[in-house]
Amino acid sequence: MWIQPEEVLLAGALWVSERANPFFVLQRRRGHGRGGGLSGLLVGTLDVVLDSSARVAPYRILLQTADSQIYWNIACGSSRKEITEHWDWLESNLLQTISIFDNDEDITTFVKGKISGIIAEENRLKQDEEQEEDSGKFREAELKMRKLFGMPNEEKLVNYYSCSYWKGRVPRQGWLYLSVNHLCFYSFLLGKEVTLVVPWTEVTQLEKNATLLFPESVRVSTRHTEHFFSVFLNINDTFKLMEQLANIAMRQLLDNEAFLADRSLPKPCKTLKNVSALKRDFDARAKNERYRAMFRLTQDERLDGHTDCTLWTPFAKMHVVGQLFISNNYICFNSREEDLCQLIIPLREVSIVEKADSSSVLPCPVSISTKNKMNFLFANLKDRDFLVQRISDFLQRTPDSWTSDVSPLALIGHSVCNSEPCFCLFFLIPPLTYSSPRHLSFQASSSAGGAESSQKERHYHPGLPTASQGLLQLYHQDTAEDLGPKAMKEKMKEESWNIHFSEFGRGVCMYRTSRTRDLVLNGIPERLRGELWLLFSGAQNEMASHPGYYGDLVEQAMGLCSLATEEIERDLHRSMPEHRAFQNEMGIAALRRVLTAYAHRNPGIGYCQAMNIVTSVLLLYCTEEEAFWLLVALCERMLPDYYNTRVVGALVDQGVFEDLTRAFLPLLYEHMQDLGVISTISLSWFLTLFLSVMPFDSAVLLVDCFFYEGIKVIFQVALAVLHDNMDALLSCNDEGEAMTILGRYLDNVVNKQTVSPPIPHLHALLTSGDEPPPEIDVFDLIKSSYERFGSLRSDVIEQMRFKQRLKVIQSLEDTAKRSVVRAMMTESAFSIEELEELYCLFKSQHMTSCYWGSTSSAAERHDPSLPYLEQYRIDPLQFSQLYAALAPWTCGGHTSTLSARLFRLLDQNQDGLVNFKEFITGLSGMYHGDMTEKLKLLYKLHLPPALSPEEAESALEAAQFFTEDEPKESSFPSDRDTLRQQEVTSAEEGKEGGESEEKKEVKDYRYYLRMWAKENEPKKETIKDLPRMNQEQFIELCKTLYNLFGEEPLEQELYHSIATVASLLLRIGEVGKKFTNGGKKTETAAPAPPPAQTASVSPLGEDEPAEGASAEAQMCRALADAQLEPGAPQTSDEEIKDDTSVSSYSMVSSGSLPCEDITDEAVLVGGSEQRRGSVLDVDWSITFEQVLASLLTEPPLVDFFERKMDIQAKMAACKAQRAVERQTSSTSDHELTQHST
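This one's a predicted model, so the numbers in the text were calculated from it and none came from an experiment. Chains are numbered independently. Their residues run from 1 in the order of the written sequence. Totals for whole chains, interfaces and linings use all residues, but because this is a predicted model, local features are given only for residues with pLDDT of at least 70 and pairs of side-chain atoms are given and counted only at 80 or more. In computing side-chain properties, one takes all heavy atoms of the structure into account and sets aside hydrogens as well as water.

*Asks:* Which residues make up unusual backbone geometry, and what values do they have?
*Replies:* Of note, the bond from Pro944 into Pro945 is cis; its omega dihedral lies within 30 degrees of zero at 5 degrees. Only DSSP runs of H or I with at least four residues qualify as helices, and only runs of E with at least two residues qualify as strands; both kinds are numbered from the N terminus onward. Position of Pro945 relative to the elements: it lies in the loop between helix H39 (931–940) and helix H40 (949–953). Even without a glycine there, the phi angle at Asp339 is positive, about 65 degrees. The topology assignment puts Asp339 in the loop between strand S15 (330–335) and strand S16 (342–346).

*Asks:* How would you sum up the packing of aromatic side chains? Please name residues and give values.
*Replies:* Aromatic pairs are defined between Phe, Tyr and Trp rings, using the six-membered ring for Trp, whenever the two ring centres lie within 6.5 Å; interplanar angles under 30 degrees are classed as stacked, those over 60 as edge-to-face, and all others as tilted. Applying the stated criterion to the full structure yields 46 aromatic pairs. An aromatic cluster of at least three residues, connected via ring pairs, comprises Tyr839, Phe842, Tyr872, Phe879, Tyr883, Phe903, Phe916 and Phe919. Two conditions define a charge sitting above a ring: the NZ of Lys or the CZ of Arg must be within 6 Å of the ring centre, and it must be within 35 degrees of the ring normal. Lying over the aromatic face of Trp15, Arg60 brings its terminal NZ or CZ to 4.0 Å of the ring centre.

*Asks:* Pulling in residues and values, what's your account of the pairing of strand S12 (residues 226–230)?
*Replies:* Any residue under 20% of the maximum accessible area for its type is buried, any over 50% is exposed, and the rest in between are partly exposed; the area is computed with a 1.4 Å probe on protein chains only. Where burial is concerned, most of S12 is hidden: 4 out of the 5 residues are buried. Relative to S12, strand S6 (residues 157–167) runs antiparallel, the two being bridged by 2 bridges. Among the inter-strand pairings, Tyr165 is bridged to a residue of S12, identified as Phe229. Strands were regarded as paired on the criterion that DSSP finds at least two bridges between them. Sheet analysis places strand S11 (residues 217–221) next to S12, joined by 4 bridges and oriented antiparallel. Bridge pairing in S12 places Arg219 opposite Phe228. Here S11 folds back onto S12, and the loop between the two strands holds 4 residues.

*Asks:* With reference to specific residues and values, describe the packing of helix H24 (residues 648–664) against helix H33 (residues 794–825).
*Replies:* Relative to each other, H24 and H33 sit at 125 degrees, their axes nearing to 8 Å. Considering their axes alone, H24 and H33 lie oblique with respect to each other. Judged by the sense of rotation from one axis to the other, the crossing of H24 with H33 is right-handed. From H24, Val648, Leu651, Val652, Asp653, Gly655, Val656, Asp659 and Leu660 reach across to H33, where they touch Met800, Arg801, Gln804, Arg805, Val808, Ile809 and Leu812. Side-chain classes are defined by residue name, with Ala, Val, Leu, Ile, Met, Phe, Trp, Tyr, Cys and Pro counting as nonpolar, Asp, Glu, Lys and Arg as charged, and the others, Gly among them, as polar. In the contact of H24 with H33, the residues fall into 9 nonpolar, 2 polar and 4 charged. Axis definition: a line fitted to C-alpha atoms, over the contacting stretch in the case of helices. Angles run 0 to 180 degrees between N-to-C directions. Angles below 35 degrees are treated as roughly parallel, those above 145 as roughly antiparallel, those between 65 and 115 as roughly perpendicular, and all remaining angles as oblique. Put simply, a crossing is left-handed when the front helix is turned counterclockwise from the back one by less than a right angle, and right-handed when it is turned clockwise. The contact rule is simple, with two residues in contact once any of their heavy atoms fall within 4.5 Å.

*Asks:* Go over the pattern of salt bridges with me, naming the residues and quoting the values.
*Replies:* A pair is scored as a salt bridge if a Lys or Arg side-chain nitrogen falls within 4 Å of a carboxyl oxygen belonging to Asp or Glu. All told, the structure shown has 42 salt bridges when counted by the stated rule. In this structure, Asp339 engages Arg517 in a salt bridge whose closest nitrogen and oxygen atoms are separated by 3.2 Å. Taken together, the residues Asp339 in the loop between S15 and S16 and Arg517 in helix H16 (residues 514–521) connect sequence positions 178 residues apart. As a salt-bridge pair, Glu827 and Lys917 come within 3.8 Å of each other at their nearest N and O atoms. With Glu827 in the loop between H33 and helix H34 (832–852) and Lys917 in helix H38 (residues 916–928), this pair connects stretches of sequence that are 90 residues apart. A relative accessible area of 30% places Lys917 in the partly exposed class. One connected set of salt bridges, linked through shared partners, spans Glu207, Arg219, Glu226 and Lys803.

*Asks:* Describe a positive patch on the surface, with residues and values.
*Replies:* Where like charges cluster on the molecular surface, the positive patch consists of Lys208, Lys240, Lys287 and Arg290. For Lys287, the position within the fold is in helix H9 (residues 277–295). The class of Lys287 is partly exposed, set by a relative accessible area of 43%. Residues qualify for a patch when their relative accessible area is over 30% and they have no salt bridge, like charges being joined within 9 Å and the nonpolar side chains of Val, Leu, Ile, Met, Phe, Trp and Tyr within 5 Å. Where accessible areas are quoted, they stem from the Shrake-Rupley method and a 1.4 Å probe; at the residue level, only the protein chains shown are allowed to cover. Here the positive residues are Lys and Arg and the negative ones are Asp and Glu; neither His nor the chain ends is included. The atom standing in for a charge is NZ when the residue is Lys, CZ when it is Arg, CG when it is Asp and CD when it is Glu.

*Asks:* So, the environment of Ala627: which residues are in play, and what are the values?
*Replies:* Its location among the elements puts Ala627 in helix H23 (residues 624–638). Distance in space between the C-alpha atoms of Ala627 and Gly470 is 9.1 Å, their sequence separation being 157 residues. Sequence-distant contacts of Ala627, defined by excluding residues within four places in its chain, comprise Val594, Leu618, Leu619 and Cys622.

*Asks:* Describe in detail the packing of helix H27 (residues 696–709) against helix H28 (residues 712–724), supporting the description with residues and values.
*Replies:* Packed helices, taken two at a time, are described by their axes: the angle between them and the distance between them. Following both chains from N to C, one finds H27 and H28 inclined at 135 degrees, their axes separated by 8 Å at the closest point. Taken together, the axis directions place H27 and H28 in an arrangement best described as oblique. Within the contact between the two elements, H27 uses Leu702, Cys705, Phe706 and Glu709 and H28 uses Lys712, Val713, Ile714 and Val717. A per-class count over the contact of H27 with H28 returns 6 nonpolar, no polar and 2 charged.

*Asks:* How would you sum up helix H10 (residues 384–397)? Please name residues and give values.
*Replies:* Given the number of residues in a helix, its expected span is that number minus one, multiplied by 1.5 Å. With 14 residues, H10 extends 20 Å between its outermost C-alpha atoms, agreeing within 8% with the 20 Å of an ideal straight helix rising 1.5 Å per residue. Turning to H10, its buried residues number three or more, namely Arg384, Leu387, Val388, Ile391, Asp393 and Phe394. Close packing links the buried residues of H10 with strand S13 (303–313), strand S14 (318–327), S15, strand S17 (350–355) and strand S18 (366–370).

*Asks:* Before we move on, can you summarise the sheet that holds strand S1 (residues 2–8) with the specific residues and values?
*Replies:* Read from one edge to the other, the open sheet built from 5 strands follows the order S1-S5-S4-S3-S2, with strand pairing classed as antiparallel. Of all strands in the sheet, those bounded by a partner on one side alone are S1 and strand S2 (15–20). Looking at each pair of strands side by side, their axes are set apart by 35 degrees on average, direction ignored. Inspection of the sheet shows strand S3 (residues 24–29) paired to strand S4 (residues 59–63) by 5 bridges, in the antiparallel sense. By the bridge assignment for S4, Arg28 is matched with Tyr59.

Encoded structure:
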């Protein structure tokens, strides 16, 4: 590339001149390319170790003048091809011009100005903002990475680090390149090169450890090997980036979410020296994730910045030190000391932001007031003016007014004439649409008809009680007031919370302190449970920012039928059937609406069986809309990936629980691992938050703690349950006994403070024995869990989750592979090992499209709900790449055409995609089919739909004379046509008798079921079912056969055999044509032509030798039996030689048997003049039986198609293709050198 001219004092140091003229010198750096000796090895080693090659390209062009000792570097290149293009441009465009100048200074000024102008023009035309943000050094490193590892331009480098790679016991110093999809390492020391490429999707374990052998190292494990990297300048930063990249790869495996760079990041004030835009993107993502997790914010919330400050806490009368966080919708504060104070202020609630008077006691204060009359005072702000300006900017983007807290379900049916229009995220939305931005398309169509039409479209009754309150309150409002001790205890709890609200505030802006947690651990009162669940989970914020969203979802989802809705209907009456709220249609209908609305919102999750239990509990304490948003918070933030099709999140936390058991209860862990109990019990505990295994009144207290503390509470309680039963579990001898002990223990966890009537626990009724076990107070269980295991931290759990996520997802991928292999064992002849390798290659081809682009979206081609055989699908381009690498039938330049035909043949549903099952079906036929199967596949590749109309028209140059769109019917009726005609005739003859018989005999429904099953049975295709082949298709078949044998040892014999067979088949077609013409003259005067649309020559001209007449008589008898006898023709040897020579000349020019693709002029043509002047013989056609019988007469062809082929070598070459590409790119310089010399 052209660079800004730089002075070079020593032009010969470390460089070798290769070309020169009076003004320019092309140089190559020592140590690059061939030769160089010891000095070249030393320079190459220093370049790699000191990263000189990242800054210094291996080629450059210098400007020199005769009288000056100073050189100017004007261009550099990473390959000889690139630098040669620049050299040729200089010689052709500048050399003659500057030779006219008299003054050397003018020459230097002119060339420098010209080069600067070229660079300015290139920069102006560049549209890629990311490259403009990256520093020049980083772009050089990215180009080097792509060249070293053969990566395309779509592969983006995130960062690179100097480190050592341990190969055996010897460390190799080099450079570690971390791209979006690969981990790469390169080292070159004293002539020894080490190259490593590991896709992130293959990583099964990522660990940072320190041992005596590998100090401060990172271990990267795959299914087959381990790699160790050490001697990092900042190992923590490197490891965090590795974790992020591995997480993105696991997300690709899980649901095909490809990485998308965030282009809305603010640009840095100055270009950072060694940080790419992608690296800044990853750092921002990590900060955003921590910020959202800390304050339970929505997924679209993005941190703008944070700063140290103090917050005045009126309840403690002191300033609390902590950090202030600003994002697009919130101002948050978190104290430096854990649990001391946390604060969330939505910008929608802010009324005033002002700078207060500064003093020595209170420097740089900022006061923030909210609409509910709360004031917050922040001080010790470093850049107060900038902070206030940023808050003001975000406030200007915040909607001016929000809808009231009244549920949109409750507004249905009321008059809205006086309603004020509301703004929602910059979009003006008519009243009563209540749509979020993601549903603007629906809103635009539904709101056009006015409020009346929108009310008519609602599918639910507007007066449902569940629209305004929880189900539990409906049943309590009719009961008499209880004045017992439990009720008094409940009232005391409510009073404690009211006092807390008066001191710390109520609602989203409440101060959250350790006192708040203590109140939660003591149990939330039933009247406040729904409100506080919404507050602590963050669902309140999401509901407030999406008014009416739930109502719109209910409207859109009602009436739709899908797999999710069928599963929901099946499980509705299994959701807490012991509770009277779900023993009637009111509760069932509310549950149906919430679950269906969420399935419509998130089709990727849809519905999972445990969701009905959790949602039914939410509906007891919340309105429908509140329960919906709590379900959103659970499924998408608090329990990520728990409720997808493979419950990955629950399996991950199950692995985390096993690790925690091993750390806290090592003796019990070893024993329970032998019994296999942990993996069995923990899944139901986590999926339902203990609601399905513990009495409802007790489990709901755990849900209280979960919404406040997160998943760590569930881990703590689970560990406490194991600890309390340790002695009994250690004495167990089998899994069933351990399950019984734990089941009976959880059944007897009671809540003695509940005021609700007791709800029978079905599991307890089934597992209770003769002697009831002692009751366990749930408050004691929660207290003991905090005392023994309260040291658990959320960040530690997230780190353990990452480790388990790699293991779980890769384990699921292995399970999917085994399932696919088992299913395909009966449908293909490949071995288990071969099928596993083919599956990996097929999946790798699919995954490549996820991050390097393809003609269709990868997400559209991956459907986790489909069977494993059909989940991964590839498009024609990827199929052609796999075909060229793995198929045994390669035809040179004709390979892509044959691949496209096979793709169309395998794509039975014509969706432009082929799944693994279809791919293996085609490949197995080519490798393991007998001769008949192989020939049948080859035959079908030259018939529609494999042979496209465009290919058929291009077979002959005279296609322009036949342009009908509809294919014409052949005069040769197929076996199916004949059979169908006979059935129609017989049906017409017996119509009257059949009707009378039907009246007499009444068919049983089982008869129709048997007939339906018989009709749907797959019918095995026979060779008689194959349609006839016309002359165009036969020409294409001959072209394929000629290209098929280009690399065979017996090439000449195979070409001769094909010529003989083609001549024989041409005669067979002629015989059939003559007999058909004779039959048509007696039957009809208007014969229907065969399905041929293009023109061709008559395969046998009028000057055909007379000896062919005897052969025609033999062919006539052969056609009568639809079979050709190999020795049938009674012709002399001279006749055979003449026929062979004629066909050989007509198929290929005499004396030449080319290995490359034969052209149209060389196919079935005796002379080009004759071909261009003739037309297609519309009556000519042959059958597959005739093709098969003709090929059997030639032993070389029989040997070729019966030869066993091994796919192992093809698969090994395909796996090593990337290494071959790297070798090709490195040897291209040598080839260019030879070419230039």
